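# Close look at the chain arrangement
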Amino acid sequence: GNSHYNYNVDIWAMGVTLYYLLHNCLPFAGDMTEVLNAFEVGVYLVRMDISKFCLDLMSKCLQYESNLRISFEDMKIHPFITGKIYGWEFENPHINSIFDQNG
């Protein structure tokens, strides 16, 4: 395996996937140099109708510094994931098992 790989890459990929689902495009565009520069400075456009909780989670996933990205444990209790922000909370054993396997 790759000694430089850790789960923080998966968290970043989750942020990219969330962005794509919400915007129907990738957060960083251009040639490889432009993409890397945009990623490093954390510049990407967001729709104005997305909840602040969703944007918070997405930005924590897309953090350039991998050691500053949200952890799986913190993601598991993030208000956007738990649903507590909407006054409801769901128990989803599939979500819990996914996080338990990785965290």
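Keep in mind the model is a prediction, meaning the values are calculated, not measured. Counting from 1, residues in each chain are numbered in the order their sequence is written. Local features in a predicted model are, by the rule used here, given only for residues with pLDDT of at least 70; side-chain atom pairs are given and counted only at 80 or more, and totals for whole chains, interfaces and linings are based on all residues. For the side-chain quantities, the full set of heavy atoms in the structure was used; hydrogens and water were omitted.

## Notes on the overall build of the protein
For clarity, the threshold we go by: Secondary structure follows DSSP: runs of H or I at least 4 residues long count as helices, runs of E at least 2 residues long count as strands, and numbering of each begins at the N terminus. Partly exposed residues are those whose accessible area sits between 20% and 50% of the maximum for their type, while under 20% is buried and over 50% is exposed, using a 1.4 Å probe and protein chains only. Whether two residues are in contact is decided by their heavy atoms: any pair within 4.5 Å suffices. In short, Shrake-Rupley with a 1.4 Å probe defines the accessible areas, and a residue's cover is counted only from the protein chains shown.
If you tally the helices and strands in the protein, you get six helices and zero strands. Reading the helices (α) and strands (β) of the protein from amino to carboxyl end gives α-α-α-α-α-α. Residues counted as buried form 25% of the 103 residues belonging to the protein. Taking as baseline every contact in the protein between residues at least 6 positions apart, the subset at least 24 positions apart corresponds to 53%. For the protein, the computed accessible surface area is about 7,100 Å², with 58% contributed by carbon and sulfur atoms.

## Details of the pattern of salt bridges
So the rule is basically this: Put simply, a salt bridge is a Lys or Arg side-chain nitrogen that is within 4 Å of an Asp or Glu carboxyl oxygen.
What the rule picks out here adds up to two salt bridges. Of the charged contacts, one joins arginine 47 and aspartate 49 as a salt bridge, the two residues approaching to 2.8 Å between their closest N and O atoms. Relative accessible area serves as the criterion here: at 58%, aspartate 49 is assigned to the exposed category.

## Focus on the side chain of arginine 69
Defined as follows: In this charge count, Lys and Arg are treated as positive and Asp and Glu as negative; neither His nor the chain ends contribute.
The topology assignment puts arginine 69 in the loop between helix 3 (52-61) and helix 4 (72-76). The side chain of arginine 69 sits in the buried core without any salt bridge; glutamate 65 is the nearest counter-charge, 7.9 Å away. Ignoring sequence-local partners within four residues, the contact set of arginine 69 consists of Asn8, Val9, Ile11, Trp12, Phe39, Lys60, Cys61, Gln63 and Tyr64.

## Details of the side chain of histidine 23
Inclusion rule: The term polar contact refers here to a pair of N or O atoms within 3.5 Å; inside protein, the definition further demands a hydrogen-donor-capable atom paired with an acceptor-capable atom, and it admits residues adjacent in sequence only when both atoms are side-chain atoms.
Among the structural elements, histidine 23 can be located in helix 1 (residues 7-23). Polar side-chain contacts of histidine 23 include one of 3.0 Å to the backbone nitrogen of arginine 47. Excluding its chain neighbours within four sequence positions, the residues that come into contact with histidine 23 are Leu45, Val46, Arg47, Ile50 and Met58.

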